[in-house]
Amino acid sequence: MKRIFKVGLISLTTMMLAAGCTGDVDPKTYVNEVTAKVDEKKSYSFEGSSKVQIRYTGAVEKGIAANFLSELFDDLTVQYKGVYSEDPEQMELTVKLNMGGKRPIETEIPMVITDDDVYFQLAESNLITLPKSLQDRYIKVDVAEDKEASEKEAQLTSLINDVTMIIIDHLDEDKYYKDIAANEVPAAEGVEIDQAIEIAVDNETVSTFLQDSFEEIGLEILDLIESKYMDTLGISDPQMRVAREAISETQKELDKSLATIDDYIEIEQFDLIYAADSDQFITYQGSDADMTFKGKDGDLRIVMSANTSFTKINETPEFEVGIPKDVLSLEDLEELFNDIEVPGLPEGDAKDASL
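Residues numbered from 1 in each chain as written. Predicted model: local features only at pLDDT ≥ 70, side-chain atom pairs only at ≥ 80, totals over all residues. Heavy atoms only, no water.

1. Some remarks on the packing of aromatic side chains
Within a pair of aromatic rings, the relevant descriptors are the distance that separates the centres and the angle that separates the planes.
And then number 1: Under the criterion given, the structure shown has three aromatic pairs.
And then number 2: For the ring pair Y44 and F310, a centre distance of 5.3 Å and an interplane angle of 85° mean the geometry is edge-to-face. Placement of Y44 in strand β1 (residues 43-57) and of F310 in strand β11 (residues 298-311) is noted, with a sequence separation of 266 residues between them. Each member of the pair, Y44 together with F310, is buried.
And then number 3: Grouped by ring-pair contacts, the aromatic residues Y44, F46, Y84 and F310 constitute a single cluster.
And then number 4: The lysine or arginine in question, K41, covers the ring of Y44, its NZ or CZ lying 4.9 Å from the ring centre.
And then number 5: Its guanidinium or amino end placed over the ring of F310, K41 lies 3.9 Å from that ring's centre, counting from NZ or CZ. (Phe/Tyr/Trp six-rings, centres within 6.5 Å; stacked < 30°, edge-to-face > 60°. Helix = DSSP H or I, 4+ residues; strand = E, 2+ residues; numbered from the N terminus. Buried < 20%, exposed > 50% of the residue type's maximum accessible area, 1.4 Å probe, protein only. Lys NZ or Arg CZ within 6 Å of the ring centre and 35° of its normal.)

2. Concerning helix α6 (residues 203-233)
And then number 1: If you check α6, its first and last C-alpha atoms are just 32 Å apart, much less than what 31 residues at 1.5 Å a residue would give, namely 45 Å.
And then number 2: The sharpest bend along α6 measures roughly 70° and falls at S227.
And then number 3: One side-chain oxygen of the residue at the start of α6 lies 3.1 Å from the amide nitrogen of E204, identifying that residue as D202.
And then number 4: Just downstream of α6 lies G234, where phi reads positive at about 65°. (Expected span 1.5 Å × (residues − 1). Bend = angle between axes of the 7 residues up to and from the residue. Polar contact = N/O pair within 3.5 Å; in protein donor to acceptor, adjacent residues only side chain to side chain.)

3. Let's talk about the environment of A275
And then number 1: Structurally, A275 can be placed in strand β9 (residues 265-276).
And then number 2: Exposure remark for A275: the relative accessible area of 0% places this residue in the buried category.
And then number 3: Residues A275 and V191, spaced 84 residues apart in sequence, show a C-alpha to C-alpha distance of 9.7 Å.
And then number 4: Each residue touching A275, except ones within four places of it in the same chain, is listed here: V185, I193, Q195, A196, F281, I282, T283 and Y284. (Contact = heavy atoms within 4.5 Å.)

4. Considering the pairing of strand β5 (residues 117-121)
And then number 1: Burial within β5 is extensive, with five of its five residues counted as buried.
And then number 2: Judged by which residues are buried, β5 turns out to be covered on both faces: D117, Y119 and Q121 on one side and V118 and F120 on the other are all buried.
And then number 3: Inspection of the sheet shows strand β4 (residues 105-114) paired to β5 by three bridges, in the antiparallel sense. Residue I113 lies in a different strand from β5, and its bridge partner there is V118.
And then number 4: Hairpin connection, β4 to β5: the antiparallel pair is bridged by two residues. (Pairing = 2+ DSSP bridges.)

5. Brief notes about the sheet that holds strand β8 (residues 195-200)
And then number 1: In spatial order, the strands read β7-β8-β9-β10-β11-β1-β2-β3-β4-β5-β6-β12; together these 12 strands make up an open sheet with mixed pairing. For this open sheet the edge positions go to β7 (177-179) and β12 (327-328), each flanked by a neighbour on one side alone.
And then number 2: Bridge count between strand β2 (residues 76-85) and strand β3 (residues 90-99): nine bridges; the pairing is antiparallel. When the sheet's bridge partners are listed, Q79 is paired in β3 with K96.

6. So, the pattern of salt bridges
And then number 1: Going through the model one piece at a time under the given rule, you end up with 10 salt bridges.
And then number 2: Put simply, D162 and K228 hold a salt bridge, and the shortest N to O gap is 3.0 Å. Taken together, the residues span a long stretch of sequence, with D162 in helix α4 (residues 147-169) and K228 in helix α6 at a distance of 66 residues.
And then number 3: Linking R244 and E226 is a salt bridge whose minimum nitrogen-to-oxygen distance equals 2.8 Å. Here the residue R244 occupies a position in helix α7 (residues 237-258), and E226 occupies one in helix α6, the gap between them amounting to 18 residues.
And then number 4: The class of R244 is partly exposed, set by a relative accessible area of 25%.
And then number 5: A residue is classified by how much of its surface remains accessible, and E226, at 41% relative accessible area, is partly exposed.
And then number 6: Several salt bridges share partner residues, and in doing so they unite D223, E226 and R244 into one network. (Salt bridge = Lys/Arg side-chain N within 4 Å of Asp/Glu carboxyl O.)

7. Quick notes on the side chain of T308
And then number 1: Along the chain, the position of T308 falls in strand β11.
And then number 2: Within the structure, T308 has its side chain in polar contact with the side chain of Y80 (distance 2.7 Å).
And then number 3: Those residues in contact with T308 that sit more than four places away from it in its chain are F46, E47, G48, Y80, T283, Y284 and Q285.

8. Description of the pairing of β4
And then number 1: As paired elements, β3 and β4 share 10 bridges and run antiparallel to each other. Its bridge partner lying in β4, Q90 is registered against T114.

9. Some remarks on the nonpolar core
Where a protein is soluble and globular, its nonpolar side chains tend to be buried together.
And then number 1: Counting residues in hydrophobic clusters, the biggest one holds 45 residues, and the most contacted among them are F46, L134, Y176 and I225.
And then number 2: At eight residues, α6 tops the list of elements feeding residues into this core.
And then number 3: Here I225 is in contact with L159, M230, L233, I235 and M240, once residues within four sequence places are set aside.
And then number 4: Counting eight residues, the second largest nonpolar core, distinct from the first, contains I180, V191, I273 and A275. (Core = buried A, V, L, I, M, F, W, Y, C linked by side-chain atoms within 4.5 Å.)

10. Digging into the packing of α6 against α7
And then number 1: The N-to-C vectors of α6 and α7 enclose an angle of 170°; their axes lie 9 Å apart at closest approach. Between α6 and α7, the crossing angle belongs to the class labelled roughly antiparallel. Along the contact surface, α6 presents S207, L210, Q211, F214, E215, G218, L219, L222, D223, I225, E226 and M230, while α7 presents D237, M240, A243, R244, I247, S248, T250, Q251, L254, D255 and L258. (Axes fitted to C-alpha atoms, helices over the stretch in contact; angles between N-to-C directions. Parallel < 35°, antiparallel > 145°, perpendicular 65-115°, else oblique.)

So, in structure tokens, the structure goes:
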């Protein structure tokens, strides 16, 4: 989980910084410098949130699946706060979940993550009452990786960064990026911001980018895979030949579709904001999206936002929990499931509801 968090951070930062550079250093050099600085980020505190709304209109909103998703993602908000350290490899994280709908859910899940184990508490909510034997106790899950899996993960991380660099080379700085003032960044209190950049996308810029660059980017990515990542992805030579032939055909079909992009998708908003301190360490990253997907039976509108702020970079991490001592295994947890009370269920049916 920590590696995924770090990979996503590096990839997003790389894309935003490359096109957002306004100094004397050329974008590619600047990207290399900032990527190196990300690797120098050995510890930090972080906090943020994400929010999702899904809305259906037209005949589709009457469907069972549509009603379920609309209720599930009615102002779904996730807040998180924690501390990360590379040495020792450890993360403490508290996740707060607020879900709307007819039966709102509010819950909080504390977690501790190391290279080998994940510890988490089963949080109580307005829907579930935990037995005393589970309250304030951590569940331990062994997630130790074998050497082969770890090496493959490293290769996939490298692939993501290499593909990101290819995309960067085709981005038009004037079309997508602009500098913004530090006071326009909705960062948490105490976050240092020396430079901030916004990337904005709409129907027109997406269409132009894909029309101009899809085939060229696709072929460059295939060249990259063929030279370094065939074994990692398990791709054979015949499969690679088929992929190359498919790229040009896909571009032709894509051009036809993009001519009528407004008929099936509307990007009302898609913004990314990146901010860094005077040492070029990332201190904030956020995104806002408002998109409507159009269909013959109705439209699907998705509104999303997310943000993360970083402080205390490379300071001594302050872990409040440490490594939990009083823990339960998954086997212990299964034995205790019978004691969980689920409102609305007859006594004795809780076990069936939990499975």
